[in-house]
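Fold and contact review
Residues per chain, in single letters:
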Amino acid sequence: MLARYLVAAVTARLADEGARVAVVLVALERTGRAGLGGLLIAALMIPHVVAAPVAGAAADGVRHRKPLYALAFATYALALAGAAQLIGRFTAAAAALLIVAGCVAPLLLGGLSSLLSELAPGTLPRAFVLDSTTYGVAGIAGPAVAAVVAGAVGASWSLVVLGLCVLAGALAFLTLPLPARARDRRRSRTTAPLGGVTVLVRRRGLGAVTVASGLSQLGLGALPVAAASVALHTHRPALTGLVMSATAGGGLTGALLCLRLRVLHRHPERVLLICTGAMAAPLLLTAALPGKWPLLLLFALAGLIGSPVIVALFAVRDREAPPAVRTQVFTLGAGIKVTAAAAGAAVAGLATSHGPAPLLAAIAACQLAGAGAGALLLPAGRRPGAVGDG
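Residues numbered from 1 in each chain as written. Predicted model: local features only at pLDDT ≥ 70, side-chain atom pairs only at ≥ 80, totals over all residues. Heavy atoms only, no water.

This part takes up helix 11 (residues 204-220). Across its 17 residues, helix 11 extends 24 Å between first and last C-alpha, which sits within 8% of the 24 Å expected from 1.5 Å per residue. Among all positions of helix 11, only Gly-205, Leu-206, Gly-207, Ala-208, Val-209, Thr-210, Ala-212, Ser-213, Gly-214, Ser-216 and Gly-219 are buried. (Helix = DSSP H or I, 4+ residues; strand = E, 2+ residues; numbered from the N terminus. Expected span 1.5 Å × (residues − 1). Buried < 20%, exposed > 50% of the residue type's maximum accessible area, 1.4 Å probe, protein only.)

See the structure below:
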C-alpha cells in the first residue's frame with residue numbers, strides 16, 4: 001500500500017518540480033522571453049499559500065475524499081497540458097490555467113502527506129521519511145524529464161508528459177484504501193478555511209516550525225538563481241544543473257539516513273532548528289571555494305544536512321494538528337513554503353548583477369534567521385539545548 005502511495009506522491013511532485021522548468025522552456029521556445037517564463041512560474045507557485053486553506057478545508061470537510069483528490073490530480077494534469085498549447089499564443093489564458101493548477105497543488109503536496117496517519121498508522125515515522133524522499137526524487141527527476149523531453153520533441157511536449165505523469169499518479173492514488181469518514185455534524189463548523197491558520201497561531205510548536213521552514217525556503221528558493229550565477233561567473237554553463245542535482249542528491253541520501261535517526265521523532269523541533277541553522281555553514285563556504293568539485297560537495301552537504309528538516313516538519317504537523325483541520329495544517333504549511341520559495345527566487349532574480357557570493361550569503365542568512373526565529377517562538381522546554389522533556 002505504501003508503495004502505491006509513493007508512486008502517487010512521486011509522480012505528482014515530479015510534475016510540480018518539472019513544470020517550473022518546462023514553463024520557462026516553452027516561453028523561451030515560443031517567445032524568446034525568459035522573463036515571461038518567470039511570470040508564468042509565479043502564476044503557478046504563488047497561489048499555493050492563498051488556496052491552501054480552502055483546499056485543506058475542502059478535504060477536511062468531505063466524507064469521501066478520493067473523488068476530491070482525483071479531481072485535483074486531473075485538474076493539475078489538464079492545466080499543464082492546456083498551458084502547453086496556450087503559452088505564447090494566448091498567454092493570459094495560459095497564466096489562468098497555471099493559477100488553477102497552483103490552487104489544487106496543495107492537495108498534491110501537503111494534502112497527500114496528511115493522509116499517511118490513516119494509510120500507514122503502524123509505520124508512520126518510516127512513512128514520513130519515505131514521503132520526504134519523494135521531494136528529493138522529484139527535485140532530481142522533474143527538471144530532468146522536462147529538459148530531456150523538450151530537447152527530444154519540443155518544449156510544449158514536456159508539459160504534456162508531466163501532465164501524463166500526474167494522471168498516472170491519480171491511478172495509483174485511486175487504489176489506496178482510503179475509507180469514507182463517519183458522519184459528523186460538527187465537521188462543517190470546524191473546517192472553516194482559516195481554521196488551520198488559527199491552529200498555527202495557537203500551537204506554538206507548530207507555529208515555530210512553520211515560521212522556521214518558511215524563512216528557510218525564502219532562501220532556498222533563490223538557490224537555482226544562485227547556481228546559475230555561479231555557473232555564469234565560473235564560465236561553466238552546465239554547473240547550474242550539476243549544483244541543483246548535487247543538492248537534491250544530498251537531500252535524498254540524507255532522507256534515507258533518517259530511517260535510523262530515532263531522535264528525529266522524539267525531538268523533531270530541535271532537529272528541525274539545528275539542521276536549518278547548520279545548513280548555513282556549507283552555503284557560506286561555497287563563496288570561498290570556487291573549484292567545481294568542492295562546490296558540488298558543499299551543495300550536496302547542504303542538502304544532506306537539510307534533509308531531516310522535512311521529516312521533522314511532518315512529525316510536528318502530525319502531532320500538533322487537530323483531526324478536524326489536519327489537512328488544512330499540512331496544505332497551509334506546504335503552501336507557505338512554496339510561496340516563500342517563489343518570493344526568494346523573485347528577489348534573487350533582481351539581485352543577480354551582484355554575483356553569486358552575496359546571493360549565497362543571503363541564502364545562508366535565511367537559514368540562520370529561520371532557526372533563530374523558530375527557537376524564539378518555541379516553548380522553552382522544546383528549544384535546542386533544553387533538558388527535562390525526554
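Next, the rest of the story.
It is worth spelling out the confidence of the model for the chain at this point. Per-residue pLDDT for the chain averages 84, and the proportion of residues at 70 or more is 90%. The element-level mean pLDDT for the chain is lowest in helix 9 (residues 187-190), coming to 49, with helix 4 (residues 65-86) highest at 94. (pLDDT = per-residue confidence, 0-100.)

Position of Leu-78 relative to the elements: it lies in helix 4. Sequence separation between Leu-78 and Leu-97 is 19 residues; the distance between their C-alpha atoms is 8.7 Å.

So, about the nonpolar core. With 71 residues, the main nonpolar core has Tyr-5, Phe-73, Tyr-76, Leu-159 and Phe-173 as its most contacted residues. The dominant element in this core, judged by the number of residues it contributes, is helix 1 (residues 2-31), at 13 residues. Sequence-distant contacts of Tyr-76, that is, excluding residues within four places in its chain, are made with Ala-15, Asp-16, Ala-19, Leu-44, Ala-101, Val-104, Ala-105, Leu-108 and Val-166. Core analysis: the second largest hydrophobic core is formed by 21 residues, Ala-222, Leu-223, Leu-295 and Ala-348 among them. (Core = buried A, V, L, I, M, F, W, Y, C linked by side-chain atoms within 4.5 Å. Contact = heavy atoms within 4.5 Å.)

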